[in-house]
Structure formats: structure tokens, C-alpha cells
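Each chain, written out:
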Amino acid sequence: MKKCYIVGVVIGLLILFFSVPLGELYGGIYLLLSGGMESERYIMLSQSAITSIQIIGGVVSALCGIANIFYSILEKRSK
């Protein structure tokens, strides 16, 4: 069970590290599907997607890290 938390932390950190390419990919796909837009709107859309992805990655990483710490504490108390 402890490996699951570590995997969650790693996945969260990977999401954080790749937030910029994923946000730009989201903006590019939206641009492709909409058929075009103003450059200010594209930049704003990409920046908001990057920020959202960073928040998601940070929350996943933090929650799994805290769960790992609590699991370690409870495991030591039960011994």
C-alpha cells in the first residue's frame, strides 16, 4: 500500500513538470477545433490551462505525500 502513495507523488510531480507542454497542447487543440481565435485569447487560454494543470499536479503530489507520512506514523505506532 505504501508504494501506491509514492507512485502518486511521482505522478503528481510529473504532472507539474509537464504542465507547460500539456497546457500548450490544450490551447493548440482548442485552437484547431475552434478554427481560430485572437492571439490574446489563445495566450490566456493556454496560461489558464497551465495554471490548472499545475494546481492538479500539486494537489495530487501533496495529498499522496501527506498520506504516505500518515501511513508511516500509523505503521510505527502499531508495532
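Residues numbered from 1 in each chain as written. Predicted model: local features only at pLDDT ≥ 70, side-chain atom pairs only at ≥ 80, totals over all residues. Heavy atoms only, no water.

### Here's the deal with a nonpolar patch on the surface
Right, so step 1: Judged by side-chain polarity, Ile6, Val10, Leu13, Leu14, Leu16, Phe17, Phe18, Leu22, Leu25, Ile29 and Leu33 come together as a nonpolar surface patch covering roughly 1,000 Å² of accessible area.
Right, so step 2: Broken down by element, the residue count for the nonpolar patch peaks at six residues, all from helix 1 (residues 2-17).
Right, so step 3: Locating Leu25 in the fold gives a position in helix 2 (residues 19-34).
Right, so step 4: Classification of Leu25 by relative accessible area gives partly exposed; the value is 48%. (Patch = residues over 30% accessible without salt bridge, like charges linked within 9 Å, V, L, I, M, F, W, Y side chains within 5 Å. Areas by Shrake-Rupley, 256 points an atom, 1.4 Å probe, with all protein chains shown as cover. Salt bridge = Lys/Arg side-chain N within 4 Å of Asp/Glu carboxyl O. Helix = DSSP H or I, 4+ residues; strand = E, 2+ residues; numbered from the N terminus. Buried < 20%, exposed > 50% of the residue type's maximum accessible area, 1.4 Å probe, protein only.)

### So, helix 2
Right, so step 1: In this model, helix 2 (16 residues) spans 22 Å end to end at C-alpha, consistent with the 22 Å of a helix rising 1.5 Å per residue.
Right, so step 2: Of the positions making up helix 2, those classed as buried are Ser19, Gly23 and Gly27. Taken around the axis of helix 2, the buried residues stretch over an arc of 70°, which confines them to a single face. Facing away from the buried side of helix 2, by more than 90 degrees, are the exposed residues Leu32 and Leu33.
Right, so step 3: Those residues of helix 2 that are buried lie in contact with helix 1 and helix 3 (39-78).
Right, so step 4: Of the residues one or two after helix 2, Gly35 is the one with positive phi, at around 90°. (Expected span 1.5 Å × (residues − 1). Arc of directions from axis to C-beta. Contact = heavy atoms within 4.5 Å.)

### Brief notes about the confidence of the model for the protein chain
Right, so step 1: Mean pLDDT over the protein chain stands at 91; residues scoring 70 or higher make up 99%.
Right, so step 2: Model confidence for the protein chain, summarised as mean pLDDT per element, is weakest for helix 1 at 91 and strongest for helix 2 at 93. (pLDDT = per-residue confidence, 0-100.)

### Focus on the packing of helix 2 against helix 3
Two quantities define a packed helix pair, namely the angle between the axes and the distance from one axis to the other.
Right, so step 1: With their axes 8 Å apart at the nearest point, helix 2 and helix 3 run at an angle of 140° to one another. Taken together, the axes of helix 2 and helix 3 lie oblique to each other. The element helix 2 and its partner helix 3 pack so that their crossing is right-handed. The residues of helix 3 that touch helix 2, namely those facing Ser19, Val20, Leu22, Gly23, Glu24, Tyr26, Gly27, Gly28, Tyr30 and Leu31, are Arg41, Tyr42, Leu45, Ser46, Ala49, Ile50, Ile53 and Gln54.
Right, so step 2: The class makeup of the residues in the contact of helix 2 with helix 3 is 10 nonpolar, six polar and two charged. (Axes fitted to C-alpha atoms, helices over the stretch in contact; angles between N-to-C directions. Parallel < 35°, antiparallel > 145°, perpendicular 65-115°, else oblique. Left-handed = near helix turned anticlockwise from the far one by under 90°. Nonpolar A, V, L, I, M, F, W, Y, C, P; charged D, E, K, R; others polar.)

### Section: the environment of Val7
Right, so step 1: Within the secondary structure, Val7 sits in helix 1.
Right, so step 2: Note on Val7: relative accessible area 46%, which makes it partly exposed.
Right, so step 3: Sequence spacing of Val7 and Tyr30 is 23 residues, and the spatial spacing of their C-alpha atoms is 31 Å.

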